[in-house]
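Architecture at a glance
The lines below spell out each chain.
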Amino acid sequence: MEVLASSSLSPIFTQPNKINPKFSIQVKLWVTQSPKNLKATNFSYTRNRSNKQRSNATTNPGLVFVCNRFLCVIERNDHRKLSGKVMMKSSVNFRKNVSVALVRLVSVLLVSSISVVTTDSPSWGLSEENLLFLEAWRTIDRAYIDKTFNGQSWFRYRETALRNEPMNTREETYNAIKKMIATLDDPFTRFLEPRKFKSLRSGTQGAVTGVGISIGYPAASDESPAGLVVISAAPGGPANRAGVSAGDVILGIDNTTTETLTIYDAAEMLQGPEGSTVELALRSGPETRFLSLTRERVSVNPVKSRLCEIPGSGSNSPKIGYIKLTTFNQNASGAVKEAIETLRGNNVNAFVLDLRDNSGGSFPEGIEIAKMWLDKGVIVYICDSRGVRDIYDTDGSNAIATSEPLAVLVNKGTASASEILAGALKDNKRALVYGEPTYGKGKIQSVFQLSDGSGLAVTVARYETPAHTDIDKVGVTPDHPLPKSFPKDEEAFCGCLKDPTAACYLNQGLLFSR
């Protein structure tokens, strides 16, 4: 069988005219005939090793050989950039002599490469800025959901960027990373400078300094408003007190139009030092308003709960446990568990879980809360471009409230992790869902920290509900609508169940009836 080996080689220089003795290379071996019994084989090789080190592949590995059916790759392990060209052919017996043949082949390539590059400039080595760019490239390469990378050669982009993009300062490197991400045409995959990365992490840990609103892109339609849409306003926050509500459109922030802003740029503009002000232009229906809001530290207490006692005969008066979950931060599952246990201690007959205006947050917290309500079943399917990649389900070991009737309230401000939870409870027939179609964010992002304190938020998957419904841009469809005047606070909620004359009255018997 013939093996054609080609490589682009150049060593890194640690001092002028001195080659780093530990550099290693990448070689691709294209197999022109498919061997019948070829198996993946690994070995390591580095120049200037002792015999003992050569016999131990786990000691300071230099080259790792990985072979599949048609392609064999020897990967470098020290991030050195190599240039220069070597081409050679060799006939080998893969079944008997694959390791020996490849060691010899690598030796020839190493010697050949040295003769090619020993007189070249030390500037061919990768700089610290290049390595940061490669770290970001590699993170997206491994994690991004679309392995076509928006129809481009991701490897070719890397080589072209390293050759052509200026990366002499950290700012230039950040710009190169942002330019690379822009080619994916994915608004949810973005680069986070160190300050933004720190701010994002603080937002999932319980508090943020801002005006207390969550924002998103308008739903795709011919009538989509220009600007960014308010998904939810934190109860008691500056925006909520000023009358901002879900569905309002933010037209401008501090005299900057939002038409060309990403939601992350807008979120950064909304946050700032405590006590400072931010000017907003909003459209609520046909009305345009201009607001000046003072930023404050908005404590994100994820759960409010209340016991609603409905008038009845004697000691059999129904008791309904109302739980309002406003966000999925790191405290959410613990707070929901505490609320459930407290209400069960008061002998509630049923539960209402209010997810209205909950724009999501931590995906694992949503999974843990779903497990509390389900005795078994699938919670969500995680899918990539090739189909179902992972399944999150439960066997009931974490369940604490599986027998009481459950109603879930949603609206167009219910997004992301909230939709996962609502979809799981609906499709497993654990709950009836009331309200209006949810926001429809069916993509999942993971956040990765880079070595300099910056980070990447990368779309890693999409999710489907247990009934294999892809809700992206569609949302979870409720079982029944709510009265238009149905309130969003726990005090008024109880009143709507108690007073048959109220415009928002909802018969508690029908609330849980299928």
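From a predicted model like this one, the values you see are computed outputs, not experimental measurements. (Residues numbered from 1 in each chain as written. Predicted model: local features only at pLDDT ≥ 70, side-chain atom pairs only at ≥ 80, totals over all residues. Heavy atoms only, no water.)

1. Regarding the overall build of the protein chain
Put simply, the test is: Think of it this way: any DSSP run of H or I at least four residues long counts as a helix, any run of E at least two long counts as a strand, and we number them from the N terminus. Between buried and exposed lies partly exposed: a residue is buried under 20% and exposed over 50% of the maximum accessible area for its type, with that area taken using a 1.4 Å probe on protein chains only. Every residue pair with non-hydrogen atoms within 4.5 Å of one another is taken to be in contact.
In terms of helices and strands, the protein chain carries 13 helices and 25 strands. With 514 residues in all, the protein chain has 46% of them scored as buried. In the protein chain, the share of contacts with a sequence separation of at least 24, taken over all contacts with a separation of at least 6, comes to 70%.

2. Observations regarding unusual backbone geometry
The phi torsion of most residues other than glycine is negative, and most of the peptide bonds are trans. Its identity as a non-glycine residue notwithstanding, N150 has a phi of 60 degrees, on the positive side. Relative to the assigned elements, N150 resides in the loop between α3 (128-143) and α4 (154-164). Overall, the relative accessible area of 41% leaves N150 in the partly exposed class. Positive phi values are uncommon outside glycine, yet D185 reaches one of about 55 degrees. Among the secondary structure elements, D185 is positioned in the loop between α5 (170-182) and β8 (190-192).

3. Thoughts on the sheet that holds strand β22 (residues 406-410)
Where we set the bar: Any two strands with at least two DSSP-identified bridges between them are counted as paired. The axes used here are C-alpha line fits, helices contributing only the stretch in contact, and every angle between their N-to-C directions lies in the interval 0 to 180 degrees.
The five strands lie next to each other as β17-β18-β19-β22-β23, forming an open sheet whose pairing is mixed. Of all the strands in the sheet, the pair left with one neighbour each is β17 (303-309) and β23 (432-435). Averaged over all neighbouring strand pairs, the angle between strand axes comes to 20 degrees, with direction disregarded. Here β22 runs beside β23; their pairing, made up of four bridges, is parallel. Its bridge partner lying in β23, A407 is registered against L432. Those strands touched by helix α9 (residues 332-345) are β17, β18 (319-325) and β19 (350-354), and its axis lies near 15 degrees from that of β17.

4. Remarks on the pattern of salt bridges
Note on pairing: side chains with opposite charge can pair once their charged atoms come close. Where we set the bar: What makes a salt bridge here is a side-chain nitrogen of Lys or Arg within 4 Å of a carboxyl oxygen of Asp or Glu, nothing more.
In this structure the tally under the stated criterion is 18 salt bridges. Ionic pairing is found between E268 and R195, a salt bridge with its closest N-O pair at 2.9 Å. Remark: R195 occurs in helix α6 (residues 194-203) and E268 occurs in helix α8 (residues 263-270); sequence separation between them is 73 residues. Among the salt bridges present, the one from D470 reaches R462, with a minimum N-O distance of 3.8 Å.

5. Quick look at the state of the cysteines
Basically, it comes down to this: Note on terminology: disulfide denotes any pair of cysteine sulfur atoms within 2.5 Å.
Under the criterion given, the structure shown has two disulfides. The side chain of C308 participates in a disulfide bridge whose partner is C494; the two sulfur atoms lie 1.8 Å from each other. Between C308 and C494, the S-S torsion sits near -55 degrees, and that sign places the bridge as left-handed. Of this pair, C308 sits in strand β17 while C494 sits in helix α12 (residues 490-498), placing them 186 residues apart in sequence. Each member of the pair, C308 together with C494, is buried. Here C496 connects covalently by a disulfide to C504, the sulfurs 1.8 Å from one another. Taking the sign of the S-S torsion, -90 degrees for the link of C496 and C504, the bridge is left-handed. The same class applies to C496 as to C504, namely buried.

6. Looking at the environment of I444
Within the fold, I444 resides in strand β24 (residues 443-449). Its relative accessible area of 11% is what places I444 among the buried residues. Distance in space between the C-alpha atoms of I444 and I145 is 9.3 Å, their sequence separation being 299 residues. Apart from residues lying up to four places away in sequence, I444 is in contact with F363, I382, V458, T459, V460, A461 and Y463.

7. Concerning the pairing of strand β15 (residues 287-294)
In terms of strand pairing, strand β14 (residues 277-284) meets β15 through eight bridges, oriented antiparallel. Bridging across to β15, S284 finds its partner in E287.

8. So, helix α10 (residues 363-373)
Within α10, nine of the eleven residues are buried, which leaves the element mostly enclosed by the surrounding structure. Restricting attention to buried positions, one finds in α10 the residues F363, E365, G366, I367, I369, A370, K371, M372 and W373.

9. So, the pairing of strand β25 (residues 455-464)
Among the ten residues of β25, nine are classified as buried, and the element is accordingly described as predominantly covered. Here three bridges tie β8 to β25, and the two strands are oriented antiparallel to one another. Residue pairing across strands places L192 opposite G455, the latter belonging to β25. Where strand β20 (residues 377-384) meets β25, three bridges bridge the pair, whose relative direction is antiparallel.

10. Brief notes about the nonpolar core
Short version of the rule: Side-chain atoms within 4.5 Å link the members of a nonpolar core, which is a set of buried Ala, Val, Leu, Ile, Met, Phe, Trp, Tyr and Cys residues.
Within the largest apolar cluster, 68 residues are counted, with the highest numbers of intra-cluster contacts made by I140, L325, L353, W373 and V408. Of all the elements, α3 adds the most residues to this core, at seven residues. Other than its neighbours up to four places away in sequence, I140 contacts F149, W154, M180, I181, L184, L456 and V458. If you look at the next biggest cluster of nonpolar residues, it comprises 24 residues, including V211, L228, V230 and L270.

11. Comments concerning the confidence of the model for the protein chain
Going by this rule: Note: pLDDT gives the predictor's confidence per residue, expressed from 0 to 100.
Residues of the protein chain with pLDDT of at least 70 account for 72%, and the chain-wide mean is 76. The weakest mean pLDDT in the protein chain belongs to strand β2 (residues 13-15) at 30; the strongest belongs to α5 at 97. Below pLDDT 50 for its whole length, residues 1-124 participates in 215 contacts with residues either more than four positions away or in separate chains.

12. A short note on the packing of α10 against helix α11 (residues 417-427)
Selection criterion: Each angle is binned into one of four classes, with values under 35 degrees roughly parallel, values over 145 roughly antiparallel, values of 65 to 115 roughly perpendicular, and all other values oblique. By definition, turning the near helix anticlockwise from the far helix through less than a right angle yields a left-handed crossing, and turning it clockwise yields a right-handed one. Classification used: nonpolar for Ala, Val, Leu, Ile, Met, Phe, Trp, Tyr, Cys and Pro, charged for Asp, Glu, Lys and Arg, polar for all others including Gly.
Their axes nearest at 9 Å, the elements α10 and α11 cross at an angle of 25 degrees. In terms of orientation, α10 lies roughly parallel with respect to α11. Crossing of α10 over α11 shows right-handed handedness. Contacts between α10 and α11 involve F363, G366, I367, I369, A370 and W373 from the former and I420, L421 and L425 from the latter. In terms of residue class, the contact of α10 with α11 is built from eight nonpolar, one polar and no charged.

13. Comments concerning the side chain of R295
We count it as follows: The convention is simple: Lys and Arg are positive, Asp and Glu are negative, and His and the chain ends are not counted.
Mapped onto the fold, R295 is located in the loop between β15 and β16 (296-299). The charged side chain of R295 is buried without a salt bridge, its nearest counter-charge being D254 at 4.3 Å.

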